[in-house]
Amino acid sequence: MTLVYALIFLGILIFVHEFGHFLTARIMKVRVKKFSIGFGPAILKIKRKETEYVISLIPFGGYVKMLGETPEEKNEPDSFLSKPPSTRAIIAFAGSFFNFISAIFLCILLELVGTEVPLPYVGEVMKDYPAEKAGIIPGDLILEIEGNKIEVWSEIYEVVNRYGDREISFVVKRGEEVITLKIKPVKEKIEEEGIERFIVGIKSSPEKTKRIRKGFFQSVFSGTGTTFIIAGATFKALWKLVTGKIPASELRGPIFIMKTAGEAGKEGWRKFVYLLALISVNLAIINLIPIPALDGGLIVISFFEMVTRKEVPDKFRLAIQVFGFFLIFLIFLFVLYNDLIHTLRGK
């Protein structure tokens with residue numbers, strides 16, 4: 001089932017992205033010759049009017065082949081290169097736009113259905129941290145912190161960080177007994193988030209949760225906000241990669257995505273859908289990087305033509321496309337190598 005979940009995951013990602021290009025091209029009256037999910041030999045082909053719809057063997061991508069992507073066809077009235085640069089930029093941008101919109105939709109859906117959140121029951125007490133020294137034990141239910149009522153686990157982080165390193169009172173229910181403990185938080189760097197937080201050294205109990213549902217408008221607001229938070233985290237990760245704070249060896253590729261998607265599918269549809277939203281945002285942003293052969297490269301060329309009001313020479317256009325495909329191929333091989341190394345190491 002892991003492989004099935006992974007293929008469904010990649011299929012949805014690729015379909016949404018390529019459908020964005022396809023639909024926008026049709027709206028802009030550009031003829032689409034082929035719509036392919038995957039690369040390589042075709043597994044399934046269907047011809048409808050002027051477009052051939054294909055599912056191909058290698059599932060690591062897809063493409064929309066339009067009339068006039070090569071100079072030989074650019075004089076056709078419904079060709080891609082016959083359209084103004086602004087139209088070409090819109091078509092190129094549409095794939096990432098559809099991925100981002102689909103991520104917003106998925107995050108809103110998760111909010112509408114409801115999210116399982118941990119209750120303030122202590123599942124684990126970290127050794128040598130303030131909570132252990134104060135006497136907190138697993139199974140304790142945290143009722144209040146400095147007079148602030150605690151209903152869900154996330155509120156513990158919010159309240160603790162509000163008071164910083166001040167000694168604060170925890171009202172805890174232990175069995176039938178309610179006790180008050182004084183705890184002084186410590187500052188610690190959270191590696192996963194790249195920030196510092198005040199913590200007391202406790203972890204939630206995975207068995208103690210409740211589902212929180214939101215109204216429609218609140219779900220729209222929250223789901224949209226979550227999508228932009230994911231986008232911000234993606235930009236931050238890219239910047240760390242550029243500045244060397246994240247080593248290139250940590251770059252992961254299709255094998256990692258398939259493995260993660262398969263595991264998420266087995267753990268439940270909510271994790272699968274959230275991961276789909278997460279990778280959709282990543283894909284949207286990465287495709288807009290101004291590298292030739294990516295959508296971002298095509299958008300830059302289109303903007304250059306709009307500003308200069310001069311058409312990029314055919315030979316130069318072809319040369320940067322070839323260079324771009326070669327560069328993308330090298331990056332693909334590199335992340336595939338990283339995937340294999342991490343897989344062999346059991347990571």
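These figures come from a predicted structure and were not determined experimentally. (Residues numbered from 1 in each chain as written. Predicted model: local features only at pLDDT ≥ 70, side-chain atom pairs only at ≥ 80, totals over all residues. Heavy atoms only, no water.)

**Student:** For unusual backbone geometry, give the residues involved together with the corresponding values.
**Tutor:** We note that D128 has phi near 70°; this positive angle belongs to a residue other than glycine. Since its relative accessible area comes to 53%, D128 is described here as exposed. A positive phi angle is found at R309, which is not glycine, with a value near 60°. Mapped onto the fold, R309 is located in the loop between α8 (295-308) and α9 (314-344). Here R309 falls in the exposed class, since its relative accessible area comes to 79%. (Buried < 20%, exposed > 50% of the residue type's maximum accessible area, 1.4 Å probe, protein only. Helix = DSSP H or I, 4+ residues; strand = E, 2+ residues; numbered from the N terminus.)

**Student:** Explain the packing of helix α1 (residues 2-27) against helix α2 (residues 85-113) to me, using residue names and the numbers behind them.
**Tutor:** The geometry of α1 relative to α2 is characterised by a closest axis approach of 7 Å and an angle of 140° between their N-to-C directions. On the basis of the axis angle, α1 is oblique to α2. In this structure, α1 meets α2 at a crossing whose hand is right-handed. In contact with L13, V16, H17, F19, G20, H21, L23, T24 and A25 of α1, α2 contributes I90, I91, A92, A94, G95, S96, F98, N99 and S102. Considering only residue class, the contact of α1 with α2 consists of ten nonpolar, eight polar and no charged. (Axes fitted to C-alpha atoms, helices over the stretch in contact; angles between N-to-C directions. Parallel < 35°, antiparallel > 145°, perpendicular 65-115°, else oblique. Left-handed = near helix turned anticlockwise from the far one by under 90°. Contact = heavy atoms within 4.5 Å. Nonpolar A, V, L, I, M, F, W, Y, C, P; charged D, E, K, R; others polar.)

**Student:** Which residues make up the packing of helix α5 (residues 216-242) against helix α7 (residues 269-287), and what values go with them?
**Tutor:** Running from amino to carboxyl end, α5 crosses α7 at an angle of 50°, the nearest separation of the two axes being 9 Å. Regarding the angle of α5 to α7, the classification is oblique. With respect to the hand of their crossing, α5 and α7 are arranged in right-handed fashion. From α5, T226, T227, I230, A231, T234, F235 and L238 reach across to α7, where they touch Y274, L278, V281, N282 and I285. Residues that form the contact of α5 with α7 fall into these classes: eight nonpolar, four polar and no charged.

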